[in-house]
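This is what each chain is made of:
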Amino acid sequence: LIVPLQAATKLDLTQAKLVWYWRLGTPLIVDPSTKSYPALGLIGPSGSGKSTIEGAIVSAHPESCYPINCEGATPATTRDELAHALNKVAVIEEFDEVTDLKAASRFVQARCYRETSDFAYKEPLEKGGYRDKVVHLWGATVYHMRNSPSDAALTSRSILIHTRHEDGPFPE
């Protein structure tokens, strides 16, 4: 698993191991005793293997994954999509293309801790007014971006893997 991932993505040995160790731990999210699980952030330029890594993560167990494309998405759309990924691995493409990254980052952060994963908000009603709504966001999350997150809270809750275009050699 590690060598093919390195060959396809130019990750070094440590990075490739981190990706697979993270993925192998994701079944723990359905265990109620699991209280936290870090997000996996894939950071790098276009064409550097971020989507390939996400594809490898999905291929390990597709049924446990929920794909989300954030290109042009609003924070509310991102929140609702993450709610559909409850107890699953949310696989977020183009996270840096959401219309308000700082607002959307709060939802990814919430997924990392079971006790903060219930998110309340006001939902507008058709005839005016609002109702309280709570969505449950708990689950593992892998997201990819071109630049490192500027939100320190998201960074502190993520394992960051930096992708690149350069060829090996890869350290043993």
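Every chain is numbered on its own, with residues counted from 1 as its sequence reads. Since the coordinates come from a predicted model, pLDDT governs what is reported: local features require at least 70, and pairs of side-chain atoms require 80 or more to be given and counted, while whole-chain, interface and lining totals use all residues. With hydrogens and water set aside, each side-chain value is computed from the structure's full complement of heavy atoms.

(A) Molecular detail of the sheet that holds strand 3 (residues 89-93). A sheet is described by the order of its strands in space; here five strands give the open sequence 2-3-6-1-7, paired in parallel fashion. Two strands close off the open sheet at either side, each with one partner strand: strand 2 (65-69) and strand 7 (158-162). Direction aside, neighbouring strands of the sheet carry axes that sit 15° apart on average. Pairing between two strands is assigned when DSSP locates at least 2 bridges connecting them. Under the scheme used here, helices are H or I runs from DSSP no shorter than 4 residues and strands are E runs no shorter than 2 residues, and both carry numbers assigned from the N terminus. Bridge count for strand 1 (residues 39-43) against strand 6 (residues 140-145) is four bridges, and the pairing is parallel. The residue bridging leucine 40 from the neighbouring strand is valine 142, located in strand 6. Strands in contact with helix 3 (residues 50-60) are strand 1, strand 2, strand 3 and strand 6; relative to strand 6, the strand with the most contacts, it is inclined by about 160°. To obtain each axis, a line is fitted to C-alpha atoms, and for helices this fit is confined to the stretch in contact; angles are then taken between N-to-C directions over 0 to 180 degrees. The contact rule is simple, with two residues in contact once any of their heavy atoms fall within 4.5 Å.

(B) How the structure looks around the pairing of strand 6. For strand 6, a buried count of six out of six residues is recorded, marking the element as mostly surrounded by other parts of the structure. The classification of residues rests on relative accessible area computed with a 1.4 Å probe and restricted to protein chains. Under 20% of the type maximum is buried, over 50% is exposed, and intermediate values are partly exposed. Along strand 6, one buried face is formed by Ala140, Val142 and His144 and the opposite face, lined by Thr141, Tyr143 and Met145, is buried too. Pairing of strand 3 with strand 6, which is carried by four bridges, proceeds in the parallel orientation. Bridged to valine 89 within strand 6 is alanine 140.

(C) Structural detail: the pattern of salt bridges. Salt bridges are identified by distance alone: a Lys or Arg side-chain nitrogen within 4 Å of an Asp or Glu carboxyl oxygen. For the structure on display, the rule yields six salt bridges. Put simply, arginine 146 and glutamate 94 hold a salt bridge, and the shortest N to O gap is 2.8 Å. Remark: glutamate 94 occurs in the loop between strand 3 and helix 5 (101-111) and arginine 146 occurs in the loop between strand 6 and helix 6 (152-156); sequence separation between them is 52 residues. For arginine 146, a relative accessible area of 29% gives the class partly exposed. A residue is classified by how much of its surface remains accessible, and glutamate 94, at 15% relative accessible area, is buried. As a salt-bridge pair, aspartate 132 and lysine 122 come within 2.6 Å of each other at their nearest N and O atoms. Of this pair, aspartate 132 sits in strand 5 (residues 130-136) while lysine 122 is found in strand 4 (residues 118-124), placing the two residues 10 residues apart along the sequence. Under the relative-accessibility criterion, aspartate 132 is labelled exposed at 59%.

(D) Representation of the side chain of threonine 9. Among the secondary structure elements, threonine 9 is positioned in helix 1 (residues 2-9). Among the residues examined, threonine 9 registers a relative accessible area of 1% and is labelled buried. Pairs of N or O atoms are called polar contacts if they sit within 3.5 Å, as long as, within protein, a hydrogen donor faces a hydrogen acceptor (for residues adjacent in sequence, only side-chain-to-side-chain pairs). A polar side-chain atom of threonine 9 sits 2.5 Å from the main-chain carbonyl oxygen of leucine 5.

(E) Representation of the packing of helix 1 against helix 2 (residues 13-25) in the model. Following both chains from N to C, one finds helix 1 and helix 2 inclined at 115°, their axes separated by 9 Å at the closest point. In this structure, the crossing between helix 1 and helix 2 has a hand that is right-handed. Taking contact as the criterion, the partners of Ile2, Leu5 and Gln6 in helix 1 are, on helix 2, Leu13, Ala16, Lys17, Val19 and Trp20. In this classification, Asp, Glu, Lys and Arg are treated as charged, Ala, Val, Leu, Ile, Met, Phe, Trp, Tyr, Cys and Pro as nonpolar, and every other residue, Gly included, as polar. Partitioned by chemical class, the residues of the contact of helix 1 with helix 2 number six nonpolar, one polar and one charged. Should the near helix be turned anticlockwise from the far one by less than a right angle, the crossing is termed left-handed; should it be turned clockwise, right-handed.

(F) The state of the cysteines, seen in detail. Cysteine sulfur atoms are paired as a disulfide whenever they come within 2.5 Å of each other. The tally for this structure, following the rule as stated, stands at zero disulfides. There is no disulfide at cysteine 65, and the cysteine sulfur nearest it, in cysteine 70, is 15 Å away. In this structure cysteine 112 is not part of a disulfide, and its nearest cysteine sulfur, from cysteine 70, lies 15 Å away. You can call cysteine 112 buried: its relative accessible area is 3%.

(G) Structural detail: the packing of aromatic side chains. Think of it this way: a Phe, Tyr or Trp ring, Trp meaning its six-membered ring, pairs with another when their centres are within 6.5 Å, and the plane angle makes it stacked under 30 degrees, edge-to-face over 60, tilted otherwise. Under the criterion given, the structure shown has three aromatic pairs. Note on tryptophan 22 and tyrosine 37: the rings are 5.9 Å apart at their centroids and 55° apart in plane angle, and the pair reads as tilted. In this pair, tryptophan 22 is assigned in helix 2 and tyrosine 37 in the loop between helix 2 and strand 1, connecting sequence segments 15 residues apart. An identical accessibility class is assigned to tryptophan 22 and tyrosine 37; each is buried. Taking 5.5 Å as the distance between ring centres and 55° as the angle between the ring planes, the aromatic pair formed by phenylalanine 95 and tyrosine 143 counts as tilted. Taken as a pair, phenylalanine 95 in the loop between strand 3 and helix 5 and tyrosine 143 in strand 6 lie far apart in primary sequence, 48 residues in all. Only lysine NZ and arginine CZ atoms are considered, and such an atom sits over a ring when it is within 6 Å of the ring centre and within 35 degrees of the ring normal. The positively charged end of arginine 79 is found above the aromatic ring belonging to tyrosine 121, 3.5 Å away from the centroid.

Coordinates in, geometry out; function isn't part of it.
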